[in-house]
Amino acid sequence: MSDKAISRREFLRLSATLAAGGVLAACAPATTAPTAAPTKAAATAAPATTAAATTAPATSAPTAAAAACAKGDICIRTTTVKLTTAPVTFRWLDTGEVKAEFWKKFFALYEQAHPNFKWTYDGLGWNEIAKIVPLGIQNGNLHDVFSIPLGISSAQALAEGWIRPLDDQIPDLEKIKAAFPPMSFVEGINVFNGKTYSLPTGTNMRTTDALLFNRDYMEKAGYDPVAKPFSWDDFRAAAKKITEQGAGKYFGLIQEGAQLPRWGMMVGTLSRMSGGGSYIQTSGTNGYLNLRKGEYIFTDDTYIAAIELLLALKADGSVFPGGMAMNALQARAQFGNGAAGMILQGLWCLDSWKKDNKNLRYGVALTPTIKGGGTYSPQHAAAGGNNEMWVYAKTKYPDVAADILYHRSTLEGQYAWNKIAGVGNPAIFPEAVETASTDPIDVNGLKLMFSQFRLGPTPAVRNADAAKVDVEFKTITPSVEQVIQGLMSGQVTGVKQAMQGVKDAYEKELDRAIKAAQAKGAKVSRDDYVFSNWDVNKDYVEADYKAAKK
């Protein structure tokens, strides 16, 4: 087991070579990437409502006449951002799919409202973003607004000079921030030295591994994981029975073995919900760190058992062959085509199946747990939000970037987002969820997802200097995801020994990163990663942080 770490000078090179879009990050669905260079996307049909103006003051008013805006429509309104009147060619980079649907409609309307505005949208997979962003930084021509690659924290992106704050562009920023749910803005995550660098648009309370199943196959096998949530034994038995009835035409379970982050997510969710070490799945030092003990969870009995469960499913012959070469998008598509009875993924799958697999009868159930029967330990979300977009430090149009992010962060914008994004990518405002879907299976799946989450602690909230450790923390090779992938492929043997090696490497690197931060003046220690007052069944809120400081 190697604990070789990269130097800061190798940071961009590492970013460009993250084989599966990075590690230790909150999940987002995999996407396919265009092969051609970025070009202006074709405008899609606009919703019923086009651009609308309010009486709020502005310096560059939309040209379209004011119009009523129904809940869920995209409306381009005048904001307090002072916009340039010079010609603008604006470039946006994210992971596509439902995001692409939203932004193409939004940009088409924004262009109508601002005739000086032209746009280019690129929706790429995380693998491609891990290459495109560092190259754009090196060449000085990155997209004006972009997604930070998985495995790279916002603190690291700031330290490398990738991003810029919004404060100078949005006059009423503090008022806007006040409307967000508690703990949406966190020093060391999206706020640095009092400056706000991003407006969170999605909730962190998203499961990456719900049990999604083919209802026809499951009913034929004689199981109902909704009425009787699966234990791990039930999960294995159902997978075996479905495989037997498939007779080579379909299998019990399909996995996306080529997408590295998914291994960490699957094992982590199975473990956490079965009472294993509680941690916040995120980038940097906090990923896989049991914040009650301040130790990495890789040798916990339940974590080891979760890996052994996946290995047992494979040994049973219950896993779709060829899955080790698939990414999440490909596995999801194969499931939709009837290749398997179960898949562990997020609710973002549901909308794609509605569009591409209209005859598929799917169901949504609780992730299997050791005991089953609906008994589970909650998952935990980090402070801040999801789907955060970042403004390129060298953009020529910080005003336009801020104005667009402003629109998306309003409740009206959140309603519009949810109407397009559906249940798989819910907005950060809870009240906006009502526009996500009217399908009872989807809505119940969303309720099930939210019910199993609590807000967990974040070291940087208690001590802002913990964010400086993130900057120093270097990627471990092989990562935990690579080792799990190796175990599943047979290239690595001995689960306990392999996981002990992973734990030793991560612990050593955290100690080194803390010392490096201390040497640069940070007042931080391992004690900042221990929250002994954390009740995992409750949200960790401001009062808990205050109590932890005493």
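Residues numbered from 1 in each chain as written. Predicted model: local features only at pLDDT ≥ 70, side-chain atom pairs only at ≥ 80, totals over all residues. Heavy atoms only, no water.

### Comments concerning the overall build of the protein chain
When its secondary structure is counted, the protein chain shows 19 helices and 14 strands. Sequence separation of at least 24 residues holds for 77% of the intrachain contacts in the protein chain that already meet a minimum separation of 6. For the protein chain, the accessible area works out to roughly 21000 Å², and carbon and sulfur atoms hold 52% of it. (Helix = DSSP H or I, 4+ residues; strand = E, 2+ residues; numbered from the N terminus. Contact = heavy atoms within 4.5 Å. Areas by Shrake-Rupley, 256 points an atom, 1.4 Å probe, with all protein chains shown as cover.)

### Description of unusual backbone geometry
Cis peptide bonds are those with omega within 30 degrees of zero, and the linkage from T477 to P478 qualifies with 0 degrees. Residue placement: P478 occurs in the loop between α16 (466-472) and α17 (480-489). In the Ramachandran plot, A247 falls in the positive-phi region, its phi being about 50 degrees despite a non-glycine side chain. Inspection of the secondary structure puts A247 in the loop between α7 (232-246) and β7 (251-254). Of note in this structure, Y288 is not a glycine but carries a positive phi near 70 degrees. Its place among the elements puts Y288 in the loop between α8 (260-273) and β8 (289-290). Judged by its relative accessible area of 2%, Y288 is buried. (Buried < 20%, exposed > 50% of the residue type's maximum accessible area, 1.4 Å probe, protein only.)

### A look at the packing of aromatic side chains
In this structure the tally under the stated criterion is 30 aromatic pairs. With a centroid separation of 5.0 Å and 80 degrees between ring planes, the pair formed by F180 and F429 is classed as edge-to-face. A residue pair is termed long-range when its members are at least 10 positions apart, and F180 in the loop between α5 (173-178) and β4 (191-192) and F429 in the loop between α13 (411-421) and α14 (440-451) qualify at 249 residues. Accessibility classification places F180 together with F429 in one group, the buried group. Centre to centre, the rings of F298 and Y506 are 5.0 Å apart; their planes meet at 65 degrees, and the pair counts as edge-to-face. Of the two residues, F298 sits in the loop between β9 (295-296) and α9 (301-315) while Y506 sits in helix α18 (residues 495-519), which places them 208 residues apart along the sequence. Per residue, the accessibility class of F298 equals that of Y506, and both read buried. The structure contains a cluster of three or more aromatic residues connected by ring pairs, namely F90, W92, F102, W103, F106, F107, Y110, F117, W119 and W417. The aromatic ring of F185 is capped on one face by K177, whose charged end is 5.1 Å from the ring centroid. Between R272 and the ring centre of Y279, over which it is positioned, the NZ or CZ distance is 4.6 Å. (Phe/Tyr/Trp six-rings, centres within 6.5 Å; stacked < 30°, edge-to-face > 60°. Lys NZ or Arg CZ within 6 Å of the ring centre and 35° of its normal.)

### Details of the sheet that holds strand β11 (residues 362-365)
Spatial ordering of the open sheet is given by β7-β10-β6-β11, a layout of four strands whose pairing is mixed. Looking at strand neighbours, the two that pair on one side only are β7 and β11, the edges of this open sheet. Adjacent strand axes in the sheet meet at a mean angle of 20 degrees, parallel and antiparallel pairs treated alike. In this sheet, strand β10 (residues 340-345) lies alongside strand β6 (residues 210-214) in antiparallel orientation, the contact comprising four bridges. What sits directly across from L211, in β10, is L344. Strand contacts of helix α10 (residues 328-336): β6, β7 and β10, with the helix running at about 150 degrees to β10, the strand carrying the most contacts. (Pairing = 2+ DSSP bridges. Axes fitted to C-alpha atoms, helices over the stretch in contact; angles between N-to-C directions.)

### Considerations on the sheet that holds strand β2 (residues 117-123)
Strand order in the open sheet formed by four strands is β2-β1-β3-β13, with mixed pairing between adjacent strands. Bordering the open sheet on either side are β2 and β13 (390-391), each of which pairs with just one other strand. In this sheet, strand β3 (residues 145-146) lies alongside strand β1 (residues 88-94) in parallel orientation, the contact comprising two bridges. Looking at β3, one finds that W92 is bridged to V145. Each of β1 and β2 is contacted by helix α2 (residues 98-113), which is oriented at about 175 degrees to β2, the strand it contacts most.

### Brief notes about the nonpolar core
Proteins that are soluble and globular tend to have nonpolar side chains buried together. Counting 71 residues, the largest nonpolar core has F298, Y303, M342 and M499 as the members making the most contacts within it. A per-element tally of this core places α18 first, with ten residues. Leave out the neighbours within four places in its chain, and F298 touches Y288, Y303, I304, V480, M499, V502, K503 and Y506. Formed by 46 residues, the second largest nonpolar core is a distinct cluster that contains V98, F117, V145 and A416. (Core = buried A, V, L, I, M, F, W, Y, C linked by side-chain atoms within 4.5 Å.)

### A word on the state of the cysteines
As enumerated under the stated definition, the model contains one disulfide in all. In this model, C69 is linked to C75 through a disulfide, with the two sulfur atoms separated by 1.8 Å. Residues C69 and C75 are joined by a disulfide whose S-S torsion is about 105 degrees; by sign, that bridge is right-handed. Owing to a relative accessible area of 22%, C69 belongs among the partly exposed residues under this scheme. With relative accessibility at 6%, the residue C75 sits in the buried group. (Disulfide = S-S within 2.5 Å.)

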